[in-house]
Amino acid sequence: MTAVLDATHDPAAASWVEAAQDPTTDFPLQNLPFGAFRPAPPPQPPRLGVAIGDRVLDLAGLAAANLLGAELAPAAAALAEPHLNRLMALEPALLQALRRRLFALLHSSASESQRAALGSLLHPLDRVELCLPVAVGDYTDFYSSIHHATRVGQLFRPDHPLLPNYKWVPIGYHGRASSLVPSGAAIRRPCGQAAPPADRPDSAPLFGPSRRLDYELELGFLVGAGNALGEPVPIAKAGGHFFGVCLVNDWSARDIQAWEYQPLGPFLGKNFATTLSPWVVTLDALAPFRAAAAARPPGDPAPLPYLFDAADQASGALDIFVEAALRTAAMRQAGMAPHPLSRAGARDLYWTPAQMLAHHTSNGCPLRPGDLLATGTISGPEPGSAGCLLELTSGGRAPLRLPNGESRQFLADGDEVVFRAYCERPGWRRLGWGECRGRILPAGA
Ligand code: CA
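Residues numbered from 1 in each chain as written. Predicted model: local features only at pLDDT ≥ 70, side-chain atom pairs only at ≥ 80, totals over all residues. Heavy atoms only, no water.

### As for the overall build of the protein
Next up, step 1: The secondary structure content of the protein amounts to 12 helices and 26 strands.
Next up, step 2: The C-alpha radius of gyration of the protein comes to 22 Å, within 12% of the 22 Å expected for a compact globule of 445 residues.
Next up, step 3: Each principal axis of the C-alpha distribution contributes one length, and for the protein these read about 75 × 55 × 40 Å.
Next up, step 4: Sequence-distant contacts, at least 24 apart, represent 74% of the contacts inside the protein between residues at least 6 apart.
Next up, step 5: Accessible area of the protein: about 18,400 Å², with a carbon and sulfur share of 57%. (Helix = DSSP H or I, 4+ residues; strand = E, 2+ residues; numbered from the N terminus. Rg over C-alpha atoms; globule rule 2.2 N^0.38 Å. Contact = heavy atoms within 4.5 Å. Areas by Shrake-Rupley, 256 points an atom, 1.4 Å probe, with all protein chains shown as cover.)

What follows is the structure, given as structure tokens:
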């Protein structure tokens, strides 16, 4: 992972876009996250953009208006694409030059003529449609929160919640890229098979709408430069293959999952929908928020050599906070805000992003620009830090009480789940991801 601190991280730097100066904004000048958007009607293909304050800057328009300069000419074609894939595969030096150029154009020291030229390329965020930022080719979901793995394991195996491979292998499974949807897309409750009722274990399984629909609060690491088939990426270089980070909601039907997952792992309980945040915060922007890998408790094994790198251990984790909130249909009708459910830190994860990528390629598996490696549910050690309802309600046995008197074991139709993420450290400008949201629709006929 690149971790170059430069003038673009200066917490004192200000933008002439007024809303970027709001101390609570997710999109200050120091962030500059990438995404894709459609301007207001008429309908047209998605365009790439960068969020700044309450605006999105049209990158294709910026390149077409010759506002990037000769140094960035090789990036112009990538900026005209509807997805970030081609941009993500550019040389790190070119991406850093693009970041510096965007920073300069939006900085308070930009000239009047530069501001005037950018004026028509800045769209109000509340008037554009935000799209999937990346055309994901392959999606892998890991299981890197040991707190999540332990709590979920306790529900199924109270005597030995963690399986013996957990502390050696970054556990993951291959997800489904075709059902990735952008934030705001409705999520239809899936139908599927569930185990026979507990009081009639010999009867046929049930088929119908899931009764145990859940969310999973995750981060997604997006691959920039890929690797060739048969050529593993060594751990020391693995971090450099990531372009940026988005939020991921890995919607999960627990009843379908519980019935189908043995012996080959998750399948239809997971692949009906996965929501991505519209904004991808780059690893360059995250340089001030690097952290040491979580300390392993005494007695835990050291990672095998192909997963161990001193620099990765020293600064390969990221100090990102993630939050989940819920708003039911009744809360929405009453004008109530989403109710906070949990907050956790990604620096507690058992495996770093570089360890996940090194492990993924260790058998020669190729990763391509735009591939998505998700962390798995991010849960912390404390109560209130569990990143899914399965944990928060102990498998449905301890329903959540909501402030309007409603309760939930799992998600009801009309429920809306809202994720947020942010980085906050003394001495640096706070930055965030905006929202990643989805609302549950009733099952289809
Ligand atoms: Ca997951």
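### Details of the coordination of the calcium ion
Next up, step 1: Around the calcium ion, the protein contributes the donor atoms Asp-141 (OD), Glu-216 (OE), Glu-218 (OE) and Asp-250 (OD), which lie 2.2 to 2.3 Å from the metal centre.
Next up, step 2: All donor residues of the calcium ion come from one chain, and their arrangement in sequence is D-x74-E-x1-E-x31-D. Highlighted residues: Glu-216 in the loop between strand E12 (213-214) and strand E13 (217-223) and Asp-250 in the loop between strand E14 (242-249) and strand E15 (252-253), separated in sequence by 34 residues.
Next up, step 3: The buried category is assigned to Glu-216, whose relative accessible area is 4%.
Next up, step 4: Taking relative accessible area as the criterion, Asp-250 reaches 0% and is therefore assigned buried. (Donors = N, O, S within 2.8 Å, 3.2 Å for Na, K, Ca; no water. Buried < 20%, exposed > 50% of the residue type's maximum accessible area, 1.4 Å probe, protein only.)

### Here's the deal with the sheet that holds strand E4 (residues 122-124)
Next up, step 1: If you walk across this open sheet you meet the five strands as E4-E3-E2-E1-E5, and the pairing is antiparallel. At either margin of the open sheet sits one strand with a lone partner, and together these are E4 and strand E5 (129-131). Direction aside, neighbouring strands of the sheet carry axes that sit 45° apart on average.
Next up, step 2: Of the pairings in the sheet, the one linking strand E1 (residues 34-38) to strand E2 (residues 47-52) comprises four bridges and is antiparallel in character. Residue pairing for E2: Gly-35 is matched across the bridge by Gly-49. (Pairing = 2+ DSSP bridges. Axes fitted to C-alpha atoms, helices over the stretch in contact; angles between N-to-C directions.)

### Remarks on the pattern of salt bridges
Next up, step 1: One pass over the full model with this rule turns up 25 salt bridges.
Next up, step 2: Across the salt bridge formed by Asp-250 and Lys-270, the nearest N and O atoms sit 3.3 Å from each other. Linking Asp-250 in the loop between E14 and E15 with Lys-270 in the loop between helix H8 (254-260) and strand E16 (274-276), this pair joins segments that are 20 residues apart in sequence.
Next up, step 3: For Lys-270, a relative accessible area of 6% gives the class buried.
Next up, step 4: One connected set of salt bridges, linked through shared partners, spans Asp-26, Arg-327, Arg-332, Glu-416, Arg-420, Glu-424, Arg-430, Glu-435 and Arg-437. (Salt bridge = Lys/Arg side-chain N within 4 Å of Asp/Glu carboxyl O.)

### Quick word on the pairing of E13
Looking along a regular strand, one sees side chains alternate from face to face of the sheet.
Next up, step 1: Counted residue by residue, E13 has seven buried out of seven residues, so it is predominantly covered.
Next up, step 2: Both faces of E13 are covered, namely the face carrying Leu-217, Leu-219, Phe-221 and Val-223 and the face carrying Glu-218, Gly-220 and Leu-222.
Next up, step 3: One ladder, built from seven bridges, connects E13 with E14; its direction is antiparallel. Considered in E14, the bridge of Leu-222 is made with Gly-244.
Next up, step 4: Summarising the sheet, E13 and strand E22 (residues 372-374) pair through three bridges and their orientation is antiparallel. Bridge pairing links Gly-220 to Ala-374 in E22.

### Points about the nonpolar core
Next up, step 1: Counting residues in each nonpolar core, the largest one holds 61 residues, and the members touching the most others are Tyr-215, Leu-286, Ile-320 and Trp-433.
Next up, step 2: With 49 residues, the next largest nonpolar core counts Ala-20, Leu-67, Leu-84 and Leu-95 among its residues. (Core = buried A, V, L, I, M, F, W, Y, C linked by side-chain atoms within 4.5 Å.)

### Things to note about the state of the cysteines
Next up, step 1: Summed over the entire model, instances satisfying the criterion amount to zero disulfides.
Next up, step 2: There is no disulfide at Cys-423, and the cysteine sulfur nearest it, in Cys-246, is 14 Å away.
Next up, step 3: For Cys-423, a relative accessible area of 0% gives the class buried. (Disulfide = S-S within 2.5 Å.)

### Some points on the packing of aromatic side chains
Next up, step 1: As enumerated under the stated definition, the model contains eight aromatic pairs in all.
Next up, step 2: Among the aromatic residues, those joined into a ring-pair cluster are Tyr-143, Tyr-166, Tyr-350 and Trp-351.
Next up, step 3: The residue whose ring lies beneath Arg-296 is Trp-351, and the NZ or CZ to ring-centre distance is 4.7 Å. (Phe/Tyr/Trp six-rings, centres within 6.5 Å; stacked < 30°, edge-to-face > 60°. Lys NZ or Arg CZ within 6 Å of the ring centre and 35° of its normal.)

### Concerning the environment of Pro-33
Next up, step 1: Its place among the elements puts Pro-33 in the segment before E1.
Next up, step 2: A sequence separation of 245 residues divides Pro-33 from Pro-278, and the C-alpha atoms of the two residues are 9.3 Å apart.
Next up, step 3: With residues up to four places along the chain from it excluded, the contact list for Pro-33 reads Phe-27, Gly-49, Val-50, Ala-51, Trp-279, Val-280 and Val-281.

### Quick notes on the pairing of strand E20 (residues 321-327)
Next up, step 1: A large share of E20 lies buried, amounting to six of its seven residues.
Next up, step 2: Alignment of E20 against strand E21 (residues 339-345), held across six bridges, turns out to be antiparallel. Its bridge partner lying in E21, Leu-326 is registered against His-339.
Next up, step 3: In this structure, E20 lies alongside strand E25 (residues 416-423), joined through seven bridges in antiparallel fashion. If you follow Phe-321 over to E25, its bridge partner there is Tyr-422.

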